[in-house]
Each structure stands twice: as C-alpha cells, then as structure tokens.
Amino acid sequence: SDNGLGDAAAPALADLLLATTPLRMLDVSWNALGPGGAVVVAEALQTSSLSRFSLAWNGIGDRGAVALGQALSVNASLEFLDASSNRVGTSGAVAIAESLGSNTSLRSLQLNGNPLGEEGALALVEAIGRTTSVRDLGLKDSLTVALTSKRNCKASKSGTGIFDPLNPTGSYGLDLAAPPDREVLERLLEADRMDEASGIDNFRNVVYEGRAVSFPDGEDIQDWPIPERGVLTFDYVSGKKLPGGAHPIREEALTSFLRSFSSPALSEPTKLTMLRTAATTHYYRAAQARRIISHLSFPRRADAAVMLFRRIVDLGRFVDEVYRP
C-alpha cells in the first residue's frame, strides 16, 4: 500500500490479478487509482483467484464502485474486500448491494468512511439480510447521525435506524401524516398478520400522541382504526423463530465488532444502526447481548434489548443476563 502508483499502474495491476500464479492477498490502498484505474482493476477481479483485496483510500467514486459490483457478481473466490474511504456514494453502494445476491464467497465487506447516503446504506443492509455469505459489513462513519428511513421519515425510529423487513424487531416512532412512515407501519402490520401463528403480541407498548392505546378483549392493533395524523410509538417484536442449528457469533468476531461499537466518537443512534446491521446477519448468546448493551446508555439499552431479543440462541437466559444489575 501507499506506493504512489496512480491510475497509470492499473493495467499492470490487472495483469497481476490475471496471472496464472495464484495470488491470494493484495493491498493497493493509498495509491490514487481513481475511478478509471478502479474500473480496469475490477474487470480483472472478475476472474481473479484473490481471497483478500484492499483498495481503500483510492478515490474510486461511484464509477469505480459500480465496476466493483460487476466484479463481485461473478467472482467466486474473494472473501474479504475493503473499499473504505473511497468517496463511494449512493449509486455505488446500491450497485455493490445488488451484486451480493449472486455472490457466494464474500465474507467481509468494508465500506467505512464513504458517503453512502440513506438509500445506499439501506440497500446494503437489506442485501446482507438476504445473502447467506457476508457476515461482516463495515459502515463506520458512513452513516449520518440522524439516519432514519429510506425516505427521511419525520419521526425518529429509536433502536432501528433503518427499517429492515428481514429483522423488523425494534422501537418505532412514526409520524402518521408522513407517507414513508405510514408505509413502514403498513409493512409491520402485514408482518404481524403473517406472524399470527407465533401466538405472541408483535406490537407492544403502543402509544398514540403520548397516551397508551388499550385494545378491547380479543382485539389488537389490527382492529384499531389508524388515525390519519399524529405520532405513534411502539415496540415491535418479531415472532420468527431461530432457524435450526443457529450458532452464536464467534468470540473473535464479537470482539472485533465491539472494538468499533465502543468508540466514543460514535453517537448512540449510529451505534444502534451498526447493531441493526450486525443483528441482521448474526445470532447471539444472552451473555454476548449483555456485553453489547453495556456500551449504551439508558434508554438506548432498552432499544438494543428489543432489537436483539429474537436473535438470542439461549432465550431462557435473556432476562437474567440482560436485566440483572
């Protein structure tokens, strides 16, 4: 890294990637490849045998990120990719997210320090939730402090940051007059209807305009006439059961996550957004959840507990571990 190669060196790097000698790891960070150089390298990456590749701090922009996405869609060997601090915006993030659907080898994707935007961050989170390969998504310093929904919901969603239909558990505050917020509510109501067999109350602690909403016996939020405006807050807990054989996150992976998660430079809303991403792809032991939650202050701890609840492999220990003094 940091060899001052520039974009003129991109063809030589491409030849290196295509060489018959198996090259497993390559770090070309801090080399000013630029968008054009990234495109040349990405084309070679499509058939490369690399397993780890870092091109952080190269100013590849959206054009380079789109080329990377095209490479990821066909590459079958790369397990680690670091494209941090590359001025990748929304369109680049979306292109990479779309490529993950056909990639089965990538395990770690680092996009820290890029201005991804809300739409780009959401696209990545949803893509990670759908794929079974990626287990580590780095978005540090890529999210705004007040990140809410894909379309800038007016009310904050404490504990969710981004609405994730694959893991909707969280605490919500929705402005019913705002179409994006109302769409989130409709999707949660649909999820609740589909989850009827679980036998649990998915909507909990429902409050409208500062007053608790109580439902008559035998009724729930599905029977409640939703007002046209006003702020509705509630907790949503998914009844989706853990898949058979779900394993908790490895200790080394959790330690790596906590190293970033505990940074005092991160705001708590940003930490919750990071946790939302992690909780989409990992499961946890109750004791591990306690370690995560300890890095947050109240009431954010309660938000995190709600978010993690349905990702716990030893749920019977959750209350004792998470809520004990």
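Each value, and the rule that gives it
Residues numbered from 1 in each chain as written. Predicted model: local features only at pLDDT ≥ 70, side-chain atom pairs only at ≥ 80, totals over all residues. Heavy atoms only, no water. Phe/Tyr/Trp six-rings, centres within 6.5 Å; stacked < 30°, edge-to-face > 60°. Helix = DSSP H or I, 4+ residues; strand = E, 2+ residues; numbered from the N terminus. Buried < 20%, exposed > 50% of the residue type's maximum accessible area, 1.4 Å probe, protein only. Axes fitted to C-alpha atoms, helices over the stretch in contact; angles between N-to-C directions. Parallel < 35°, antiparallel > 145°, perpendicular 65-115°, else oblique. Contact = heavy atoms within 4.5 Å. Nonpolar A, V, L, I, M, F, W, Y, C, P; charged D, E, K, R; others polar. Polar contact = N/O pair within 3.5 Å; in protein donor to acceptor, adjacent residues only side chain to side chain. Expected span 1.5 Å × (residues − 1).

(A) View of the packing of aromatic side chains. Counted according to the given criterion, the structure contains nine aromatic pairs. Ring geometry for F203 against Y236: centres 5.1 Å apart, planes inclined by 85 degrees, an arrangement best described as edge-to-face. Here F203, found in strand β7 (residues 203-208), pairs with Y236, found in strand β9 (residues 231-236); they are 33 residues apart in sequence, far enough to count as distant. Residue F203 shares its accessibility class with Y236, and that shared class is buried.

(B) Spotlight on the environment of E228. Tracing the sequence through the fold places E228 in the loop between β8 (211-212) and β9. Between the C-alpha atom of E228 and that of L176, which follows or precedes it by 52 residues, the distance is 6.0 Å.

(C) Representation of the packing of helix α3 (residues 61-72) against helix α4 (residues 90-99). The N-to-C vectors of α3 and α4 enclose an angle of 0 degrees; their axes lie 8 Å apart at closest approach. Relative to α4, α3 is oriented roughly parallel. Here D62, A65, V66, G69 and L72 of α3 lie close against α4, whose contacting residues are T90, S91, G92, A95, I96 and S99. For the contact of α3 with α4, the class distribution of residues is five nonpolar, five polar and one charged.

(D) Representation of the environment of V184. Tracing the backbone through its elements, the reader meets V184 in helix α6 (residues 179-194). Sequence-wise, V184 and P168 are 16 residues apart; in three dimensions their C-alpha atoms are separated by 9.9 Å.

(E) Spatial organisation of the side chain of N112. Mapped onto the elements, N112 comes out in the loop between β4 (108-110) and α5 (117-130). Separated by 3.2 Å, the side chains of N112 and Q110 make a polar contact. Excluding anything up to four places from it in sequence, N112 contacts S84, S85, G138, L139, K140 and S142.

(F) Quick peek at the packing of helix α2 (residues 34-45) against α3. One can describe the packing of α2 onto α3 by two numbers: an axis separation of 8 Å at closest approach and a directional angle of 0 degrees. Considering their axes alone, α2 and α3 lie roughly parallel with respect to each other. In this structure, α2 uses P35, G36, A38, V39, A42 and L45 to contact α3, whose residues at the interface are R63, G64, A67, L68 and A71. Per-class residue counts for the contact of α2 with α3 are eight nonpolar, two polar and one charged.

(G) Just helix α8 (residues 268-281), in detail. With 14 residues, α8 ought to run about 20 Å at 1.5 Å a step, and its terminal C-alpha atoms sit 20 Å apart, in line with that. By the criterion of burial, α8 is predominantly enclosed, with 13 of the 14 residues buried.

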